[in-house]
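Report on the structure
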Amino acid sequence: MPIQLVVRTYQFFCSIKLTVTLLLLLVADLSLGYICLQGKVSLFQPMNEVGLSQWLLTYARSQPLDSAWFLLLLPLLSLLGINTLCCTGEKLYHLVRSQHTRLPANRLWLTLSIHLMHLAMVLLLAGYLTSYTLSTIYPSITLTPGLPLTVPGSSLQVELLEMQMIPYSRNRLIPFLGRNIDVNAHLLFKDGKEQVHATLAMNRPVHIHGFSFFLQRFNPTRAGGMSPSQYIIFDIRRDPGVLPTFIAMGAFLTGLFGYLFFRHRTRKRLEL
Amino acid sequence: MIETCSLAAYTAGFFIALCWPRPFLSTLCIGIGTAINFAVVLDRYNGAWPMMPMHFGIAGLSVVLSFIWICNYGTINRQNGLRQQPESPILLGIIVLVVAATVFFPKDFYVPFLRSNVIWSHVFLLAGIVAKSFLVHGGVKAFAALQGTQKKPKIAALFNSATNWIVYGYGLLTVSLFSGELWCYLGWGTPVVWHDAALTTVLSLWLYWTCFLHLLFIRSWSQKQRSRFVVAGAVLVLFFACHPDMGPFRLPFQGQG
C-alpha cells in the first residue's frame, strides 16, 4: 500500500499538465504580487537583512494580506521544483534505457539541452531556498578609517585604510553635479598573521574566508558637503546558496543556447 | 515636444497604412517617427549614463517595435500590400499606443540610482526591452493567425513564425532575468530582491512563456488555443512593460515655458 502511494505520488508529479497548472498559478500569484507591491516596498526590503524565517515571523505576520502572495509563492515554487525533477528524471531514465538512444545526433543534443535547462531550474530553486534559509547576514555595519572591527563569529578583522571618492564626471544630470557616485574603499583584512588587502566598491563585493562584504552606503557623498566625516556602511553575508544559484544560471544558459542552436538544426521539429 | 512629433509621424503612418494603399508613404512616416523616437531615447540613455535611466522600458519598447516593423513589413508591404500582411497594421497600432503612452503618461523625471552603475543593469534593461518586443510581435502574429480570413497553410506559417519570435524572446528574457539577478547579487548581496517590482514582472513573464513552451508538448491543445494563449501573453507583456513606466496624465506641452 505505501509503495502504491509513492508510485501514485510520483506519477502525479511526473505530469506536464501539473507543470502548466503550476506555472499559470505562479504567473497569477506574481501578478498579484506586482499589485500588492505598489507602495508597499518597505515590507519586503528587510527580508534581505533578516533572512526568510525571521521575516516570515515578523513582517509577514504583521501584514498578512500584503504578504499573502509571497507566502503562496513559496509552496508553488517548491512544487514546481519537485515536478521538474520528477519529469526530467523520468525522461532521462527513458532516454538512457529505451530506444530514444537511437535518436539522430542533433535531436539527441536538443533533448539533452532541454533536460539540462530543467535540471538547472531545480538547482536554481534549491539555491534560492538555501540562500534564504541558511545564509548568515550582518546588516548595516559602519566602518570608519582607523577603527578596525572584528567580523561577528570569526577572528577576521577588517580595517578601512583609505577612501578614494569617484565623482560624477559628466554634466547631464543636475542633481549629480559635484556628487560622488562611487568609492574605492581600501580594506585590510587580518586573520592571525595573515593579511589581505582588498578594495570594496558599489556593485563590487569583497569575498574573503567565506564571508562576502557588500557596500551599501558611503560618506561623504559630496566634496565640501554638510557632513565631511568618512565612513562606509556594508553588509556581511555568508551565503551557501549563491554558488549553486550561479552554477545553475550558467547551466541554464548553456542548455538554452543548445536548445536554440539545435532547434534550427533539427529538421523534424518538436511540434514547433 | 519632440516626442509629440514622433507620435504625429507614427499616427500618420498608421492611418496611411490602414486607409490609403501607399506603402512607401506609410513606411516613410514610420521611418521619420522612428528616427525622432530613437534620437530621443538615445539622448535619455546618454543623459543617465553610466547609470541606468529610470522608467525607460516603455520608450525603448516603442523604438524596438518600430525597428521590427520597418525590417519586417516596411519593404514587404511594397510588394504584397496589407492584405497579405494583416499583422502589419496591428503592430503599427500597438506602436502608436505605446508612443502615445510615453507622451501622455511620462515618468521620465526620476533620477537614476547609484547602484545601477554596473554593466549588468544595462544588460537587464536592454535585453528585457528587446525580449518584450519580440514577444509582443509573436503575439501580433498569433493574433493574425486567429483571424478567420486566413487560409490554413498561412495560419500554420503565421503560428510557426510567432513561435520563432517567442523562442528568441524567451531566450533574451532569460538573459535579462539572469543579468538582473547578477546585478541584485552584486548590489544587494542576494540574487533576488522581492521588493523590486521590475524583477517580479520579469519573473512573471518568464514563467508565462515557459508555460507556453510546455504547451507545445501537450497534444490536446489545438493551434487555435495556443494562439489565444500567445495573444493573452502579449497583452500581459504590454501591461508589464508599460504600466510600471507610466506616470500621471499630462498634456504634451503642459508646464513648458
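What you see as residue numbers is a count from 1 along each chain, following the sequence as written. Whichever chain is written first becomes A and whichever ligand is written first becomes 1, with later ones labelled in order. For a predicted model such as this one, the threshold for reporting local features is a pLDDT of at least 70, and the threshold for listing and counting side-chain atom pairs is 80 or more; totals across whole chains, interfaces and linings nevertheless cover every residue. To get the side-chain values, take all heavy atoms of the structure and skip hydrogens and water.

Structural notes on the overall build of chain A
How we decide: Helix numbering and strand numbering both begin at the N terminus, where a helix is a DSSP run of H or I of at least 4 residues and a strand a DSSP run of E of at least 2. The rule is simple: take the accessible area with a 1.4 Å probe, protein chains only, and divide by the maximum for that residue type; under 20% is buried, over 50% is exposed, in between is partly exposed. Note on definitions: a residue-residue contact is assigned when non-hydrogen atoms from the two residues lie within 4.5 Å. Shrake-Rupley sampling with a 1.4 Å probe provides the accessible areas, and residues are treated as covered by the protein chains on show and by no other component. Only four residue types enter the charge count: Lys and Arg as positive, Asp and Glu as negative, with His and the chain ends excluded. Each charge is placed at NZ for Lys, CZ for Arg, CG for Asp and CD for Glu.
If you tally the helices and strands in chain A, you get 9 helices and 8 strands. Along the first, second and third principal axes, the C-alpha set of chain A runs to 70 × 50 × 45 Å. Taking all 272 residues of chain A together, the buried fraction comes to 44%. Sequence separation of 24 or more characterises 59% of the internal contacts of chain A that already satisfy a separation of 6 or more. Accessible surface for chain A amounts to roughly 14,500 Å². Of this, 63% is attributable to carbon and sulfur atoms. Averaged over its 23 positive side-chain charges, chain A has a centre that lies 14 Å from the centre of its 12 negative ones.

Quick look at the packing of helix α1 (residues 2–19) of chain B against helix α2 (residues 23–48) of chain B
All names here are of chain B. What counts is decided by this rule: Axis lines are fitted through C-alpha atoms, for helices just across the contact stretch, and the angle between N-to-C directions can take any value from 0 to 180 degrees. When an angle is under 35 degrees it counts as roughly parallel; over 145 it counts as roughly antiparallel; between 65 and 115 it counts as roughly perpendicular; any other value is oblique. By convention, the crossing between two helices is left-handed when the near helix turns anticlockwise from the far helix through less than a right angle, and right-handed when the turn is clockwise. Residues are grouped as follows: Ala, Val, Leu, Ile, Met, Phe, Trp, Tyr, Cys and Pro are nonpolar; Asp, Glu, Lys and Arg are charged; every other residue, Gly included, is polar.
Direction vectors running N to C along α1 and α2 enclose 160°, while the axes themselves pass 8 Å from each other. With respect to α2, the axis of α1 lies roughly antiparallel. Considering how the two elements wind past one another, α1 and α2 form a crossing that is left-handed. Residue-level inspection shows Ile-2, Glu-3, Cys-5, Ser-6, Ala-9, Tyr-10, Ala-12, Gly-13, Phe-14, Ile-16 and Ala-17 of α1 in contact with α2, the latter providing Leu-25, Ser-26, Cys-29, Ile-30, Ile-32, Gly-33, Thr-34, Ile-36, Asn-37 and Val-40. Split by residue class, the contact of α1 with α2 holds 14 nonpolar, 6 polar and 1 charged.

Structural notes on the pattern of salt bridges
Residue and element names in this part refer to chain A. The condition that has to hold: Think of a salt bridge as a Lys or Arg side-chain nitrogen and an Asp or Glu carboxyl oxygen that are within 4 Å of each other.
Overall, the coordinates contain 4 salt bridges over all chains when judged by the stated rule. A salt bridge links Asp-66 to Lys-40; the shortest N-O distance between them is 3.3 Å. Remark: Lys-40 occurs in the loop between α2 (16–37) and α3 (41–44) and Asp-66 occurs in helix α7 (residues 64–97); sequence separation between them is 26 residues. Under the relative-accessibility criterion, Asp-66 is labelled buried at 18%. What makes Lys-40 partly exposed here is its relative accessible area of 31%.

Here's the deal with the domain arrangement of chain A
Residues and elements named next belong to chain A. We apply this condition: Segmentation of the chain into domains, including their bounds, is taken from an automatic or database domain assignment. Once two parts are put together, the accessible area they lose, assessed with a 1.4 Å probe and summed over both, is termed the buried area. Under this definition, polar contacts are N or O atom pairs within 3.5 Å; protein pairs additionally need one hydrogen-donor-capable and one acceptor-capable atom, and for neighbouring residues in sequence, both atoms have to be side-chain atoms.
Along its sequence, chain A is carved into domain 1 (2–135 + 243–265) and domain 2 (139–238). For domain 1 versus domain 2, the separation of C-alpha centres amounts to 36 Å. Opposite the 4 residues of domain 1 that make contact, domain 2 presents 4 residues. Together, the buried faces of domain 1 and domain 2 total about 290 Å²; carbon and sulfur atoms form 38% of this surface. When the buried area of domain 1 at its contact with domain 2 is split by residue, Asn-48, Glu-49 and Ser-135 rank highest and sum to 98% of it. Linking domain 1 with domain 2 are 0 salt bridges, by the criterion used here. At the junction of domain 1 and domain 2, the tally comes to 1 residue pair in polar contact (both at pLDDT 80 or more). Its residues assigned to classes, the side of domain 1 that touches domain 2 comprises 1 nonpolar, 2 polar and 1 charged.

Regarding unusual backbone geometry
For the bond running from Asn-219 of chain A to Pro-220 of chain A, omega is 5°, close enough to zero to count as cis. Topologically, Pro-220 of chain A is positioned in the loop between β7 (211–219) and β8 (231–238). Look at the link from Trp-49 of chain B to Pro-50 of chain B: it is a cis peptide, with omega at 10°. Checked against the element boundaries, Pro-50 of chain B lands in the loop between α2 and α3 (57–74). Even without being glycine, Asn-203 of chain A reaches a positive phi, approximately 60°. Along the chain, Asn-203 of chain A falls in the loop between β5 (194–200) and β6 (206–208).

What about the packing of aromatic side chains?
Which entries qualify depends on this criterion: Only the six-membered ring of Trp is used, alongside the rings of Phe and Tyr, when aromatic pairs are assigned; centres must lie within 6.5 Å, and planes under 30 degrees apart are stacked while those over 60 apart are edge-to-face, with the rest tilted. Any Lys NZ or Arg CZ that is within 6 Å of a ring centre and within 35 degrees of that ring's normal is treated as a charge sitting over the ring.
Per the stated rule, a full pass over the model turns up 39 aromatic pairs over all chains. Where Phe-214 of chain A meets Tyr-185 of chain B, the ring centres are 5.3 Å apart and the plane angle is 80°; that geometry is what we call edge-to-face. Within this pair, whereas Phe-214 of chain A is found in strand β7, its partner Tyr-185 of chain B is found in helix α7 (residues 152–188), the two belonging to separate chains. Taking 5.9 Å as the distance between ring centres and 25° as the angle between the ring planes, the aromatic pair formed by Phe-113 of chain B and Trp-183 of chain B counts as stacked. Placement of Phe-113 of chain B in the loop between α5 (87–104) and α6 (119–146) and of Trp-183 of chain B in helix α7 is noted, with a sequence separation of 70 residues between them. What makes Phe-113 of chain B partly exposed here is its relative accessible area of 29%. Taken together, the ring pairs in this structure connect Phe-159, Tyr-208, Trp-209, Phe-212, Trp-221 and Phe-229 of chain B into an aromatic cluster. A cation over an aromatic ring shows up here: Arg-238 of chain A above the ring of Phe-211 of chain A, its NZ or CZ 4.1 Å from the ring centre.

A short note on the environment of Gly-192 of chain A
When you line up the elements, Gly-192 of chain A lands in the loop between β4 (180–191) and β5. In this structure, the C-alpha to C-alpha distance between Gly-192 of chain A and Gln-164 of chain A, residues 28 residues apart in sequence, is 27 Å.

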